[in-house]
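If you want the building blocks of each chain, they are given just below.
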Amino acid sequence: LPTLVVTGGSSGAVHINEVVAQTSSAILERGIQVLHISGKGKAAAVKEILEKSGVSLQRYHVIEYLANMEKAYTLADLVITRAGAGMVAEISALGIPAVFVPLPIGNGEQALNAQDVVNSGGALLVSNADFTGEWLQAQALPLFTAHKLPAMAAAARAVAPLDGAAVLAQRIVEIIG
């Protein structure tokens, strides 16, 4: 099944958790399964929202923390996450399409972290305030059925090539001859 991975990092992101959990029925109705990494101490709140919605946890998996994120990345067709520099770099280099919801505090650096991959078409960017269930259903979920995820994956991967050191070394050799 297509897989949506949701994470707010090790601390979690309460707003992301709430919006995705509240939209769980619409997500599951589209045949998408969810791996929701809620953050330490936040799984119970997510599960409570799911229970109130009558959502089965058969295709919606909630865990607090995952030490081996590469396992989640292997499954992910789309990731909904904050836009910390490490997260943006990791998922872009792996060619995983994303919805970035920058942390609403600070000086806007998280939005800037994501800008190159968003400009390339490899990700969507939505402010924390605008990230709602309606937005998720109108903007992110259609990516699964519109067959846009492969093109987004290629665009993300192109922004963060894995051979950057080799390319730089080759250019230095070309310059100094």
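## Digging into the sheet that holds strand β5 (residues 98–100)
- Strand order across the open sheet formed by six strands is β3-β2-β1-β4-β5-β6, with parallel pairing between neighbours. Each edge of the sheet is formed by a strand with only one pairing partner; in this case those strands are β3 (60–63) and β6 (123–125). Strand-to-strand twist across the sheet, computed as the mean angle between neighbouring axes with direction ignored, equals 15°.
- The sheet contact formed by β5 and β6 spans three bridges and is parallel. Within β6, the position partnered with Ala98 by the bridge is Ala123.

## With respect to the packing of helix α1 (residues 14–22) against helix α3 (residues 43–53)
- Orientation of α1 relative to α3, taken along the N-to-C sense of each, is 20°, at an axis distance of 9 Å. As far as their axial angle goes, α3 and α1 are roughly parallel. With respect to the hand of their crossing, α1 and α3 are arranged in right-handed fashion. On α3, the residues that touch Asn17, Glu18, Ala21 and Gln22 of α1 are Val46, Ile49 and Leu50.

## Observations concerning the pairing of strand β2 (residues 33–37)
- The element β2 is extensively covered by neighbouring structure, given that four of its five residues are classed as buried.
- Bridge count between strand β1 (residues 3–7) and β2: five bridges; the pairing is parallel. Residue pairing in the sheet places Val6 in a bridge with His36 of β2.
- In terms of strand pairing, β2 meets β3 through four bridges, oriented parallel. When the bridges of β3 are listed, His36 appears paired with Val62.
- Remark: the β2/α3/β3 crossover connection has right-handed handedness.

## Details of the packing of helix α5 (residues 85–93) against helix α6 (residues 109–120)
- Here α5 crosses α6 at 20°, and the two axes come no closer than 8 Å. With respect to each other, α5 and α6 are oriented roughly parallel. The two elements α5 and α6 cross, and the hand of that crossing is left-handed. Of the residues in α6, those touching α5 at Ala85, Val88 and Ser92 are Asn113, Ala114 and Val117.
- Across the contact of α5 with α6, the residue classes break down as four nonpolar, two polar and no charged.

Thresholds, definitions, all that
- Residues numbered from 1 in each chain as written.
- Predicted model: local features only at pLDDT ≥ 70, side-chain atom pairs only at ≥ 80, totals over all residues.
- Heavy atoms only, no water.
- Pairing = 2+ DSSP bridges.
- Helix = DSSP H or I, 4+ residues; strand = E, 2+ residues; numbered from the N terminus.
- Axes fitted to C-alpha atoms, helices over the stretch in contact; angles between N-to-C directions.
- Parallel < 35°, antiparallel > 145°, perpendicular 65-115°, else oblique.
- Left-handed = near helix turned anticlockwise from the far one by under 90°.
- Contact = heavy atoms within 4.5 Å.
- Buried < 20%, exposed > 50% of the residue type's maximum accessible area, 1.4 Å probe, protein only.
- Right-handed = clockwise from strand over helix to strand, strands pointing away.
- Nonpolar A, V, L, I, M, F, W, Y, C, P; charged D, E, K, R; others polar.

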